[in-house]
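Examining the three-dimensional arrangement
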Amino acid sequence: MNATANRTNSPEWNCIHTNDSATMFPTNFAWGAATSAYQIEGGWDVDDKGPSIWDTFCHEGGRLVFEGQSGDVTCNSYELWEEDLRCIRQLGLTHYRLSLSWSRLLPEGITQHVNQKGLRYYNKVINDLLASDVLPMVTLYHFDLPQALQDQGGWKSPEIAAIFDSYARFCFETFGDRVKLWITLNEPYVCAKLGHEDGIFAPGVKEPGMAAYLVGHNMLRGHARAWHSYNVLYRAKQGGSVSLAINSDWAEPLDPASPDDTAATERYLAFTLGWFAWPLFVTGDYPEVMRSSIEVRSKELGYQEGSRLPRFSKDEPSLLGTADFFALNYYTSRRVKQGECCPGVLGLKSDQDAEGVVDPSWPVCGVSWLAVVPDGLRKLLKYVKDTFNNPAVYITENGFSQVGPVDMEDVQRCGFYHDIIQEVARALREDGVDVRGYFAWSLLDNFEWADGFSVRFGLFHVDFSRPERPRTAYRSGREYAGIISKYRSQTMVNT
């Protein structure tokens, strides 16, 4: 069925009013929305699915998830996929970014036991998308490691890289005839820091200054193996592209005239964006300022057990060049100043020695950390172009939240979407950034990790109080559909 015929063109879905034809997007620009398996699927223990670390994290007592909530049911997309597809078609998306639940496909995390029911579910999702003229971007790992693998050491274990590669090859072999855009890992920084330094995300490990670097290292090793597997075994036949989704704020010195703030800003970017982008796009290794900062701090604290930031082995697949495009998740920006580290404290924040602050002139949308800075995205895109050899870029996540009472007429978020997409257009047209697509976070209100259901990023509201989980478009969802309709129409007229 052709989805184009079912995409509404009524006036309420075309809310953008601008005559700036110079901001037109390319014909093949990807207009998307994103979700992740644990956040929307539910069905945590049905049809032979194995538990993930987020199932365990939410079910254990004493955790920091809002009001003890969990993703046990959430949007129930495992049973209500057709409702999600209706939302996707209603928006007029050209692309949809989803993640696979590793433990739904492989309950023990290994390919010796394949769950055929999980396999059928994802085959149906992918086939339904393609039948609706929507291209899938598939993420292999979005925070939800099978608990069986966590029991063996998880991302701290050196063996996890080979296990992830085996899982990736299974997915490439199974779905790669139809999926042409792959993300191996989503936001390894978040997995490493929040899951293994701060302990506020699954698996809840708190080993400051140690585990995060090891986890990030093993995630990069796993990514490199998976990319090389695709390149050697599948690329010629399948013709797809593989990358890793990196999250980063934009950062500027709090005082541009201060050498300390300028140096702190360099460290801030090195410990976030550079941590994972530098090895893939520049040198095959971590940023030198990151390694030197960690070593200086180790020396100051009398740490003598070797480098806390691991080194890549020459006997393993090279990291350099293992990204076919730059997948960027952007939400906010910061002004950066010299850190105020506590003496004698081992930790990532102490190593970074930089503090990001919110400019009081920036509006805040929903959660307190989300200062909305649209031109920060444009500056970050230009930085990526200039620093990482002008890669093709997909903005794989960007969005705006609500907290408190539900506001279906979310005018503020409408304006933010309009502003951010204008900045993407300027980066593309004026700065020469090769932006290939934009994915809004998120298609649906969902389980927002430690915030539970208290924070809503959806283009569609989900009523979690009702078992049928009805989806209703926010005004911002209708606005986004209008943006897509406008620019796609302009493109077709001028082609």
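Throughout what follows, the structure given in this document is the object of discussion. The structure displayed is predicted, hence computed values, not measured ones. (Residues numbered from 1 in each chain as written. Predicted model: local features only at pLDDT ≥ 70, side-chain atom pairs only at ≥ 80, totals over all residues. Heavy atoms only, no water.)

Attention now moves to the overall build of the protein chain. Along the protein chain, the regular secondary structure elements total 16 helices and 15 strands. In terms of principal-axis extent, the alpha carbons of the protein chain reach across some 65 × 55 × 50 Å. When the accessible surface of the protein chain is totalled, it reaches about 18,500 Å², and 51% of it is carbon and sulfur. Here the protein chain contributes 47 positive and 63 negative side-chain charges, whose respective centroids are spaced 4 Å apart. (Helix = DSSP H or I, 4+ residues; strand = E, 2+ residues; numbered from the N terminus. Areas by Shrake-Rupley, 256 points an atom, 1.4 Å probe, with all protein chains shown as cover. Lys, Arg positive; Asp, Glu negative; His and termini not counted. Charge placed at Lys NZ, Arg CZ, Asp CG, Glu CD.)

Turning our attention to the side chain of Ser401. One can find Ser401 in the loop between β10 (393-398) and β11 (402-403). Separated by 2.8 Å, the side chain of Ser401 and the backbone oxygen of Cys365 make a polar contact. Separated by 3.1 Å, the side chain of Ser401 and the backbone nitrogen of Val367 make a polar contact. Setting aside anything within four residues of it in sequence, one finds Ser401 in contact with Cys365, Gly366, Val367, Leu370, Arg413, Val455, Arg456 and Phe457. (Polar contact = N/O pair within 3.5 Å; in protein donor to acceptor, adjacent residues only side chain to side chain. Contact = heavy atoms within 4.5 Å.)

Along the polypeptide, Arg456 turns up in strand β13 (residues 455-456). One buried charged residue, Arg456, remains without a salt bridge, the closest side chain of opposite sign being Asp445 at 4.4 Å. (Buried < 20%, exposed > 50% of the residue type's maximum accessible area, 1.4 Å probe, protein only. Salt bridge = Lys/Arg side-chain N within 4 Å of Asp/Glu carboxyl O.)

Here we take up the sheet that holds strand β8 (residues 333-338). Strand order across the open sheet formed by three strands is β6-β8-β9, with mixed pairing between neighbours. On the outer flanks of this sheet lie β6 (250-253) and β9 (354-357), each paired with one strand and no other. Each strand axis lies, on average, 40° off the axis of its neighbour in the sheet, ignoring direction. Bridge count for β8 against β9 is four bridges, and the pairing is antiparallel. Each residue of the ladder has a partner; that of Val336, found in β9, is Gly356. (Pairing = 2+ DSSP bridges. Axes fitted to C-alpha atoms, helices over the stretch in contact; angles between N-to-C directions.)

To continue, consider unusual backbone geometry. The linkage connecting Ala202 with the following residue, Pro203, adopts the cis geometry, with an omega of 10°. If you trace the backbone, Pro203 turns up in the loop between α8 (188-196) and α9 (211-233). At the junction of Trp441 and Ser442, the peptide bond is cis and its omega measures out at 5° in the coordinates. On the secondary structure map, Ser442 appears in the loop between β12 (435-441) and β13. Despite not being glycine, Asp47 shows a phi value in the positive range, around 50°. Take Asp47: it is sitting in the loop between α1 (37-40) and α2 (53-59).

Of note, Ile246 is situated in strand β5 (residues 241-247). Here Ile246 falls in the buried class, since its relative accessible area comes to 1%. Spatially, the C-alpha atom of Ile246 lies 15 Å from that of Gly399, the residues being 153 residues apart in sequence. Discounting chain neighbours no more than four positions away, the residues touching Ile246 are Leu273, Phe276, Ala277, Phe326, Ala327, Leu328 and Asn329.

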